[in-house]
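Report on the structure
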Amino acid sequence: MNISALYIQIVVMFLLIGVGAICYKRKMVNDEGSKQMSSVLMTFVMPCIIIHSFCREFDPAMMGKLAEAFLLSVLLLVASLVLSALVFPKGTPDYADKRMCTIFSNNGFMAIPLLQALYGEDGVFIGSINIVVTNIFLWTVGVWMLSRASGRSGGAMNWRKIVLNPGTIGLAIGLVIFLTSFQLPAVLDNTISFLSDLNTPLAMIVLGVYLAQSNLLEALKDRSIYVVSLCRLFVIPLITIAAAALLPFDTEVSQVLLVSIATPCAVASSMFAQMFGTNYRYSSQIIAFSTVISAAAMPMVLGFSQLFIG
């Protein structure tokens, strides 16, 4: 891992986040505008990134890395579930929201730009599996956890969302292209490439708008937010490093998944909290706080990982 490239990319990302915050404060973008940009990112840009990374000749070695990434992603999400249940048992105020923010990382908006900068298309190729596995956990375990906490009856698993979300569809299309070594027509390939290039600037601007809506000063007064952020940004990445060092996973797979998992709390945690009737404002504060301190936490954790997984 090129640590200097990591620092440069993180600075670039936070400068773009600053642009988004300025746009919101100056009323150039409102709440509705940020929702619309998020919709464009999730519906078109994210699957295009995955598809674009799979536009390559079939390679059995890379297929093996995908399988390893799937297994390690499931293992680490299960470990995160267990940790969150131990730290925030049922009965703890807002326990479901705390668990959601602990378990799920911002592996789309923030990890993809870092993976592109550090590992190129191979990084996005491997990291896409983590996004898909996370979506499955969100729509199963996440929905069950939030609906139980809110007492709502509408918490049945939405299999359509699990199977037909943009990330899963993008992976399915990408796998067909990869397995058959199919070459897309130039017009379609260029379109997908241009949409993929939107991710870093647009995602960071949206995140900046999101942060500008949050009250960070209020978040600083809540000790529980520090605990959630500690688990999300330090404890779970350290578990990832330990698993990578002790288990026989490919080094590149371990490094890519660590970048994905070392990112701050997922924006989806607040979106799902609002959808299922738990304390989404509290989730928003955790997301904002963890995103800000991730500027220092991520380089520390990723630099430390070099001692164990290269």
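Our structure's up above, just so we're on the same page.
Here the structure is a predicted model, which is why all the values come from computation and not from measurement. (Residues numbered from 1 in each chain as written. Predicted model: local features only at pLDDT ≥ 70, side-chain atom pairs only at ≥ 80, totals over all residues. Heavy atoms only, no water.)

**Section: the overall build of the chain**
Regarding its fold elements, the chain presents 14 helices and zero strands. In the chain, the order of α-helices and β-strands from amino to carboxyl end is α-α-α-α-α-α-α-α-α-α-α-α-α-α. Relative to the 2.2 N^0.38 estimate, which gives 19 Å for 310 residues, the radius of gyration of the chain is 18 Å and therefore close to what a compact globule would have. Overall, the chain is about 50 × 50 × 45 Å in size when its C-alpha atoms are taken along their principal axes. When burial is assessed residue by residue, the chain has 52% of its 310 residues classed as buried. A separation threshold of at least 6 residues defines the contact pool for the chain, and within that pool the share at least 24 residues apart is 86%. Of the roughly 13400 Å² of accessible surface on the chain, a fraction of 67% belongs to carbon and sulfur atoms. (Helix = DSSP H or I, 4+ residues; strand = E, 2+ residues; numbered from the N terminus. Rg over C-alpha atoms; globule rule 2.2 N^0.38 Å. Buried < 20%, exposed > 50% of the residue type's maximum accessible area, 1.4 Å probe, protein only. Contact = heavy atoms within 4.5 Å. Areas by Shrake-Rupley, 256 points an atom, 1.4 Å probe, with all protein chains shown as cover.)

**Thoughts on the pattern of salt bridges**
Going through the model one piece at a time under the given rule, you end up with three salt bridges. Across the salt bridge formed by D250 and K65, the nearest N and O atoms sit 4.0 Å from each other. Taken together, the positions of D250 in the loop between α11 (223–246) and α12 (251–261) and K65 in helix α3 (residues 60–87) put the pair 185 residues apart, joining distant regions of the chain. Note on D250: relative accessible area 26%, which makes it partly exposed. Assessed through its relative accessible area of 17%, K65 is described here as buried. Across the pair E252 and K65 runs a salt bridge whose closest N-O atoms are separated by 2.5 Å. Taken together, the positions of E252 in helix α12 and K65 in helix α3 put the pair 187 residues apart, joining distant regions of the chain. Connected through shared salt-bridge partners, K65, D250 and E252 make up one network. (Salt bridge = Lys/Arg side-chain N within 4 Å of Asp/Glu carboxyl O.)

**Side note on the nonpolar core**
Among the nonpolar cores identified, the biggest contains 91 residues, and F104, M204 and F272 are the most heavily contacted of them. For F272, the residues in contact, after removing those within four places along its chain, are M100, L138, W139, V143 and L146. Of all hydrophobic cores here, the second largest spans five residues; its members include I51, I177, L184 and I192. (Core = buried A, V, L, I, M, F, W, Y, C linked by side-chain atoms within 4.5 Å.)

**What about empty space enclosed by the protein?**
On inspection of all chains with the given rule, the structure shows one cavity of 30 Å³ or more. Taken as a whole, the largest cavity spans an internal volume of roughly 70 Å³. Forming the boundary of the largest cavity are L76, L77, S80, I103, F104, S105, N130, T134, R232, I236 and I261. The leading source of residues in the lining of the largest cavity is α3, at three residues. Grouping the constituent residues of the lining of the largest cavity by class yields six nonpolar, four polar and one charged. (1 Å grid on protein atoms, 1.4 Å probe; cavity = no way out; pocket = protein on both sides within 12 Å on 5 of 7 lines; lining within 4 Å. Points joined across faces, edges and corners; volume = space filled by probe spheres on them. Nonpolar A, V, L, I, M, F, W, Y, C, P; charged D, E, K, R; others polar.)

**Re the side chain of S254**
In this structure, S254 sits in helix α12. In contact with S254, other than residues within four places in its own chain, are L72, A244, F249 and I309.

**A short note on the layout of surface pockets**
Here the largest pocket is characterised by a volume of approximately 1500 Å³. Lining the largest pocket are 46 residues, with S38, V267, A268, S270 and M271 positioned closest to its centre. The dominant element in the lining of the largest pocket, judged by the number of residues it contributes, is helix α2 (residues 31–54), at eight residues.

**Things to note about the packing of aromatic side chains**
The geometry of two aromatic rings is summed up by the distance between their centres and the angle between their planes. Inspection of the entire model under this criterion finds eight aromatic pairs. Ring centres of F54 and F178 lie 6.2 Å apart, and the angle between their planes is 90 degrees; on these two criteria the pair is classed as edge-to-face. With F54 in helix α2 and F178 in helix α7 (residues 166–180), the pair connects residues that are 124 residues apart, well separated along the chain. Per residue, the accessibility class of F54 equals that of F178, and both read buried. With 6.2 Å between their ring centres and 35 degrees between their planes, F272 and F276 make a pair best called tilted. (Phe/Tyr/Trp six-rings, centres within 6.5 Å; stacked < 30°, edge-to-face > 60°.)

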